Amino acid sequence: MSTYGPETYGERNADVYDEWHADLDPTDAVEYLADLIAKGPTGPVLELAVGTGRVTIPLAERGIDLRGVDASEAMVALLRAKPGGERIPVTIGDMVDVDPGTDDRFAMIFVVFTTFFFLMTQEDQVRCFANVARRLLPGGRFVLECLVPDLARYQRNQSVDAHRVDQDHVRLVAVRHDPIDQRFDGQHILITNEGIRLAPVSMRYAWPSELDLMARLAGLDRVHRWGGWRNEPYLGTGTHVTVYEKPAEPPA
Ligand SMILES: C[S@@+](CC[C@H](N)C(=O)[O-])C[C@H]1O[C@@H](n2cnc3c(N)ncnc32)[C@H](O)[C@@H]1O
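Rules used throughout
Per chain, residues are indexed from 1 in the order of the written sequence. For a predicted model such as this one, the threshold for reporting local features is a pLDDT of at least 70, and the threshold for listing and counting side-chain atom pairs is 80 or more; totals across whole chains, interfaces and linings nevertheless cover every residue. Think of it this way: any DSSP run of H or I at least four residues long counts as a helix, any run of E at least two long counts as a strand, and we number them from the N terminus. Computation of the radius of gyration draws on C-alpha atoms, with the globule rule given as 2.2 Å multiplied by the number of residues to the power 0.38. The exposure label follows from counting other C-beta atoms within 10 Å of a residue's C-beta, where the C-beta atoms are placed from the backbone and the thresholds are 20 or more for buried and 12 or fewer for exposed, leaving partly exposed in between. For two strands to be treated as a pair, DSSP must find at least two bridges joining them. What counts as an axis is a line fitted to C-alpha atoms, over the stretch in contact for a helix, and the angles between N-to-C directions run from 0 to 180 degrees.

### Looking at the overall build of the chain
Phase 1 of the analysis: Counting its regular elements, the chain contains six helices and eleven strands.
Phase 2 of the analysis: Computed over C-alpha atoms, the radius of gyration of the chain comes to 18 Å, within 12% of the 18 Å expected from 2.2 N^0.38 for 252 residues, which places it in the range of a compact globule.
Phase 3 of the analysis: Taking the principal axes of its C-alpha atoms as reference, the chain extends roughly 65 × 40 × 35 Å.
Phase 4 of the analysis: Burial analysis of the chain (252 residues in total) assigns 34% to the buried set.

Encoded structure:
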């Protein structure tokens, strides 16, 4: 059995990623992030796990100095092939190290679409927060969009959902939940007349309160928690958009 590493999701999903997520409109995220960037310190902005550039490319079109990091060459190749994508500097590496190979400091670092949970242990998530805090400029922000785990979906710690069913195409999502390590291990199972194709996805979830504690350990202050990109109130379910801030350095 092959092991699941930082590059596995991207390498096994890249060819279907944009098609399967075509209905995910980045407009609200781009609006929110652009507004926050305009109110923060001046400097480059980094997306952790930038993928095919779904959010970063339209954000860069606003004249913002965007960078990216991603573990998958296959995902980044798709970003580079898109108009505007070739101008965005992307490092291939593990986001736990934030931006391996550079020492740049950032006005904002963000990670969307629950991808922070692709760091598979609490230790790596804590380490990522610490590295983010080290690489932010004073007053810089760390923005996360994460799902709030809905454990009621799992009976006997497992679930199967039919995402698409039509004449020649069935897509199922099968997930096992490990409540001890807070893991979801899943497979997107695509069944067509040509055969079966598996696209794995695993994540280690954290509760919003656990993320707040990681931020506090890293010396970051929570400044916003919304229920979405349009400043909807956070009601404890669905997804949350949370903004942490690195305190400005006291005057000398
Ligand atoms: C669900 S996609 C999100 C891509 C993009 N941010 C978006 O919103 O469309 C997850 C991305 O995370 C990347 N990834 C997973 N684990 C990673 C890690 N430890 N370090 C860097 N990138 C990682 C994958 O290669 C993939 O591009």
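Text resumes after the structure shown.
### Details of the sheet that holds strand E7 (residues 169–178)
Phase 1 of the analysis: Pairing within the open sheet is antiparallel, and its four strands lie in the order E6-E7-E8-E9. Looking along the sheet, the strands with just one partner apiece sit at the ends: strand E6 (158–166) and strand E9 (195–204). On average, each strand axis in the sheet is inclined to that of its neighbour by 15 degrees, with strand direction left out of account.

### Observations regarding unusual backbone geometry
Phase 1 of the analysis: Its identity as a non-glycine residue notwithstanding, Arg156 has a phi of 50 degrees, on the positive side.
Phase 2 of the analysis: Within the element layout of this structure, Arg156 appears in the loop between strand E5 (136–147) and E6.
Phase 3 of the analysis: Within the chain, Asn231 stands out as a residue other than glycine whose phi angle is a positive 60 degrees.
Phase 4 of the analysis: Tracing the backbone shows Asn231 in the loop between strand E10 (221–226) and strand E11 (239–245).

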